[in-house]
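The primary structure of each chain is shown beneath.
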There are 2 protein chains.
Amino acid sequence: MSRSATRKRIEEKADALFYEAGFEATSFADIAGAVGISRGNFYHHFKSKDDILDAVIDRRLAATQTMLVSWETDAAPKDRIRSFIRILITNRTKIMAFGCAVGTLTTELAKLDHIAESRAAEIFGLFRDWLADQFIALGHKDDADALALHVLARSQGIAVMASALKDEAFLRAEVSALEAWLDRLPVQTSTKD
Amino acid sequence: MSRSATRKRIEEKADALFYEAGFEATSFADIAGAVGISRGNFYHHFKSKDDILDAVIDRRLAATQTMLVSWETDAAPKDRIRSFIRILITNRTKIMAFGCAVGTLTTELAKLDHIAESRAAEIFGLFRDWLADQFIALGHKDDADALALHVLARSQGIAVMASALKDEAFLRAEVSALEAWLDRLPVQTSTKD
DNA sequence: GTCTATAAAGGGATAGAC
DNA sequence: GTCTATCCCTTTATAGAC
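Since we're looking at a predicted model, the values are computed, not measured.

What counts, and at which threshold
Residues numbered from 1 in each chain as written. Chains lettered and ligands numbered in written order. Predicted model: local features only at pLDDT ≥ 70, side-chain atom pairs only at ≥ 80, totals over all residues. Heavy atoms only, no water. UniProt positions renumbered as here; feature names shortened; annotations may be inferred. Helix = DSSP H or I, 4+ residues; strand = E, 2+ residues; numbered from the N terminus. Salt bridge = Lys/Arg side-chain N within 4 Å of Asp/Glu carboxyl O. Buried < 20%, exposed > 50% of the residue type's maximum accessible area, 1.4 Å probe, protein only. pLDDT = per-residue confidence, 0-100. Least-squares fit on C-alpha atoms with pLDDT ≥ 70 in both. Contact = heavy atoms within 4.5 Å. Domains from an automatic or database assignment. Buried area = accessible area lost by both parts, 1.4 Å probe. Polar contact = N/O pair within 3.5 Å; in protein donor to acceptor, adjacent residues only side chain to side chain. Nonpolar A, V, L, I, M, F, W, Y, C, P; charged D, E, K, R; others polar. Near = heavy atom within 4 Å. 1 Å grid on protein atoms, 1.4 Å probe; cavity = no way out; pocket = protein on both sides within 12 Å on 5 of 7 lines; lining within 4 Å. Points joined across faces, edges and corners; volume = space filled by probe spheres on them.

Caption draft 1: Up close: the UniProt feature "domain: HTH tetR-type" (unreviewed entry) in chain A. Residues annotated in UniProt with the feature "domain: HTH tetR-type" (unreviewed entry) correspond here to residues 4-64 of chain A. Its end C-alpha atoms 22 Å apart, residues 4-64 of chain A is made of 79% helix and 0% strand.

The following block contains the structure:
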């Protein structure tokens, strides 16, 4: 029961358009045009716009998981956290144009009072739990979750302001400041009882 | 040539709806319904949806200026900056529901590739310049702008995550952390030559 | 699985009566 | 200054031919 190639292409284009133009502002005609199919064919693969939003969120959840697992090849927890922070540098062009894909979708769905808002926020949940695991590995057992949320908030703030200002120097300076914060964070080596 | 009371009511309701539901998702019918006038009457006061967006941004620019001036009754620059940071606490209910009004509008207009994006970003410009003035008063002449942007970015990050998580404890904790950062910031008293 | 044609609703915007 | 009526376009969604 492999999903059709067309369905996958619709998901890819919808994912990109929801990010670049927003969910509400993206029409079926936009998606169909990007994929190169007719509007009618669209409904053979998805029964509604909400249905494709669900598929896009599934895609992003899966992509996030894959990315987090790939970062675990870095042995040192601080290097793993640094991999997260440096998404801002890697994706700087898109972030300066459209903000963060996770933050902006969650924000938009909150305003639309959309049923999928909590599922979109689950992507933050994956990052949160993974980051907390890294802070636990650094010995911050008691404040791991707060530290994880701190890194997430700092990153979201950088994305919002980088997009508003269209200023790469700002983005790089704030990423450096966040990395410096991480460097200063004491590593508490656990001593078994 | 005072603007009519109806025009003002339209601006107020549009401002609230653009914040709570988003610009794109708010229709003329929504605004007219909220104000209690017919759709046709709407066009007597504004010639297009973009026209009312301009008026809403004007409103927000003016409101921001008024707020910044009001904070200058606080003599100490750190107290002034604290006034800014504490908007997050004062407006926490709306922020947890809809995010920051400035950040979310700028983000949405960026995705829509809307001509008013840069004017919306000017609201950030007001905060940026005002905050930078306070950091200069604290003796941070050389990095005043960077510090101002840091505070703006931290605040935006808190707003995005507070909205995604719907978590007031997180919001309060991050506001406290930002205030602690401000407390730790050294005040460099200038010694004339 | 893909298409064309079309329905049904809602969007922005205009005309003209009152 | 406010209303009703209407236009035109786009939107989501469906029906049915190929």
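There is more to say, and it comes next.
Caption draft 2: Layout of the pattern of salt bridges. Taken as a whole and assessed by the stated rule, the structure comprises 26 salt bridges over all chains. One salt bridge in this structure joins arginine 119 of chain B and aspartate 54 of chain B, with 3.3 Å as the shortest N-O distance. Of the two residues, arginine 119 of chain B sits in helix H9 (residues 117-137) while aspartate 54 of chain B sits in helix H4 (residues 49-71), which places them 65 residues apart along the sequence. Take arginine 119 of chain B: its relative accessible area is 24%, and that puts it in the partly exposed class. We note a salt bridge from aspartate 145 of chain B to arginine 128 of chain B, for which the minimum N-O separation is 2.7 Å. Of this pair, aspartate 145 of chain B sits in helix H10 (residues 144-165) while arginine 128 of chain B sits in helix H9, placing them 17 residues apart in sequence. The structure contains a network of salt bridges with shared partners spanning Asp15, Arg59 and Arg60 of chain A.

Caption draft 3: Quick look at the confidence of the model for chain A. On average, residues of chain A score 96 in pLDDT, and 97% of them are at 70 or above. Within chain A, helix H3 (residues 39-45) of chain A has the poorest average pLDDT of any element, 93, and helix H10 (residues 144-165) of chain A the best, 99.

Caption draft 4: Structural view of the relation of the copies chain A and chain B. Mapping chain A onto chain B calls for a rotation angle of 180° and an axial translation of 0.0 Å; the resulting RMSD is 0.0 Å. With respect to symmetry, the two chain copies, as superposed, fit the operation of a two-fold axis. It is glycine 157 of chain A whose C-alpha, among those of chain A, lies nearest the rotation axis, at 1.8 Å. Most of the interface of chain A is mirrored in chain B, where 100% of its interface residues again form contacts.

Caption draft 5: The arrangement of the domain arrangement of chain A in detail. All names here are of chain A. Domain annotation for chain A reports domain 1 (1-47) and domain 2 (58-184). Just the C-alpha atoms count here: the centres of domain 1 and domain 2 sit 27 Å apart. Counting residues at the interface gives 9 residues for domain 1 and 14 residues for domain 2. Summing the contributions of domain 1 and of domain 2, the shared interface buries around 1,000 Å²; its carbon and sulfur component is 53%. There are 3 salt bridges connecting domain 1 and domain 2. A salt bridge links aspartate 15 to arginine 59, with the nearest nitrogen and oxygen atoms 3.1 Å apart. Across the contact surface, domain 1 and domain 2 share 7 residue pairs in polar contact (both at pLDDT 80 or more). Across the side of domain 1 that touches domain 2, the residue classes tally to 3 nonpolar, 1 polar and 5 charged.

Caption draft 6: The interface of chain A and chain B, seen in detail. Across the boundary between the two partners, chain A contributes 36 residues, which contact 36 residues of chain B. When the two sides are added together, the surface that chain A and chain B hide from each other amounts to roughly 2,700 Å², 66% of it contributed by carbon and sulfur. The largest share of the area that chain A buries against chain B comes from Lys111, Val160 and Met161 of chain A, three residues that together contribute 23% of it. Remark: the boundary between chain A and chain B carries 2 salt bridges. The greatest single-element share of the side of chain A that touches chain B, amounting to 14 residues, is contributed by H10 of chain A. Per-class residue counts for the side of chain A that touches chain B are 19 nonpolar, 9 polar and 8 charged.

Caption draft 7: Fine view of the protein's contact with DNA strand D. Neighbouring DNA strand D are 15 residues, the closest being Phe28 and Tyr43 of chain A together with Thr6, Ser38 and Asn41 of chain B. Protein-proximal atoms of DNA strand D, defined as those within 4 Å of the protein, fall in sugar or phosphate at a share of 67%. A distance of 2.9 Å separates a phosphate oxygen of DNA strand D from a polar atom in the side chain of threonine 6 of chain B. The separation between a phosphate oxygen of DNA strand D and a polar side-chain atom of histidine 44 of chain B is 3.0 Å. Broken down by secondary-structure element, the contributors of at least two residues to the surface near DNA strand D are H3 of chain A together with helix H3 (39-45) of chain B. Examining the composition of the surface near DNA strand D, we find that 4 residues originate from one element, H3 of chain B, more than from any other. Split by residue class, the surface near DNA strand D holds 3 nonpolar, 11 polar and 1 charged.

Caption draft 8: Local environment of the protein's contact with DNA strand C. In the vicinity of DNA strand C, 16 residues are found, and the nearest of them are Thr6, Ser38 and His45 of chain A together with Phe28 and Tyr43 of chain B. Near-protein atoms of DNA strand C (within 4 Å) split between backbone and bases, with sugar and phosphate holding 65%. Looking at the surface near DNA strand C element by element, the count peaks at 4 residues for H3 of chain A. Considering only residue class, the surface near DNA strand C consists of 3 nonpolar, 11 polar and 2 charged.

Caption draft 9: Up close: empty space enclosed by the protein. Enumeration according to the criterion identifies 3 cavities of 30 Å³ or more in this entry. In this structure, the largest cavity spans a volume of roughly 210 Å³. Lining the largest cavity we find 18 residues, and of these Thr104 and Glu108 of chain A together with Thr104, Glu108 and Lys111 of chain B sit closest to its centre. Those elements giving two or more residues to the lining of the largest cavity turn out to be helix H8 (101-111) of chain A together with helix H8 (101-112) of chain B. At 5 residues, the largest contribution of residues to the lining of the largest cavity is made by H8 of chain B.

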